[in-house]
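Chain residues, written in single-letter form:
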Amino acid sequence: MTQETGYDIETDIPLRGNEFTGTVVSTKMQKSATVRWGYAEEVPKYERKERRNTKITAHVPDEIEVHEGDKVRVVETRPISKTKSSMIVEVIEENGDEE
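Residues numbered from 1 in each chain as written. Predicted model: local features only at pLDDT ≥ 70, side-chain atom pairs only at ≥ 80, totals over all residues. Heavy atoms only, no water.

Caption draft 1: Representation of the environment of asparagine 53. Tracing the sequence through the fold places asparagine 53 in strand S5 (residues 48-59). Residue asparagine 53 is classed as partly exposed on the basis of its relative accessible area, which comes to 39%. In this structure, asparagine 53 is in contact with Arg36, Trp37, Gly38 and Tyr39, ignoring residues within four places of it in sequence. (Helix = DSSP H or I, 4+ residues; strand = E, 2+ residues; numbered from the N terminus. Buried < 20%, exposed > 50% of the residue type's maximum accessible area, 1.4 Å probe, protein only. Contact = heavy atoms within 4.5 Å.)

Caption draft 2: Molecular detail of the packing of aromatic side chains. One pass over the full model with this rule turns up one aromatic pair. When the centroid spacing of 4.5 Å and the interplanar angle of 15° are considered together, the rings of phenylalanine 20 and tryptophan 37 count as stacked. One end of the pair, phenylalanine 20, is in strand S3 (residues 15-26); the other, tryptophan 37, is in strand S4 (residues 32-43), with 17 residues separating them in the sequence. Owing to a relative accessible area of 25%, phenylalanine 20 belongs among the partly exposed residues under this scheme. (Phe/Tyr/Trp six-rings, centres within 6.5 Å; stacked < 30°, edge-to-face > 60°.)

Caption draft 3: A look at the pairing of S3. Relative to strand S6 (residues 71-77), S3 runs antiparallel, the two being bridged by six bridges. Looking across to S6, one finds that threonine 21 is bridged to arginine 73. With three bridges joining them, S3 and S4 adopt antiparallel strand pairing. In the strand pairing of S4, valine 24 is matched with valine 35. Where S3 folds back on S4, the antiparallel hairpin that results is connected by five residues, among which lysine 31 adopts a positive phi of roughly 60°. (Pairing = 2+ DSSP bridges.)

Caption draft 4: Molecular detail of the sheet that holds strand S7 (residues 84-93). Strand order around the closed barrel formed by five strands is S3-S4-S5-S7-S6, with mixed pairing between neighbours. The sheet shows a mean angle of 50° between the axes of neighbouring strands, direction not considered. Alignment of S6 against S7, held across six bridges, turns out to be antiparallel. Bridge pairing in S7 links valine 74 to isoleucine 88. (Axes fitted to C-alpha atoms, helices over the stretch in contact; angles between N-to-C directions.)

Caption draft 5: Quick peek at the side chain of serine 32. Inspection of the secondary structure assignment puts serine 32 in strand S4. Reaching out from serine 32, the side chain makes a polar contact with the side chain of lysine 84 at a distance of 2.9 Å. Contact partners of serine 32, with chain neighbours within four places excluded, come to Thr27, Thr57, Ala58, Val60 and Lys84. (Polar contact = N/O pair within 3.5 Å; in protein donor to acceptor, adjacent residues only side chain to side chain.)

Caption draft 6: Region of interest: the pattern of salt bridges. Applying the stated criterion to the full structure yields three salt bridges. Of the charged contacts, one joins glutamate 90 and arginine 73 as a salt bridge, the two residues approaching to 2.6 Å between their closest N and O atoms. One end of the pair, glutamate 90, is in strand S7; the other, arginine 73, is in strand S6, and 17 residues separate them in sequence. Within this structure, Glu19, Arg73 and Glu90 form a network of salt bridges that share partners. (Salt bridge = Lys/Arg side-chain N within 4 Å of Asp/Glu carboxyl O.)

Below is the structure:
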């Protein structure tokens, strides 16, 4: 039973939860990619902000082809494996350094 999503993919896994935009850091795994996004966190003691980042492992469906450096949209899902609980749903911007 495939689920109708608001994206160009068909999947049996229900998409739910938050949606993030990040950059693909690694595609060395099969059907998976490591996605990273940064944010600024306030440090009250020093009255400044510091840069932090989040790295997650996301599932890559068969319909989507991603490369390192691509900007992608990631949506949370149920746990797919031990480390994967999110899925890449679309490529927003492709990396210009493709071979």
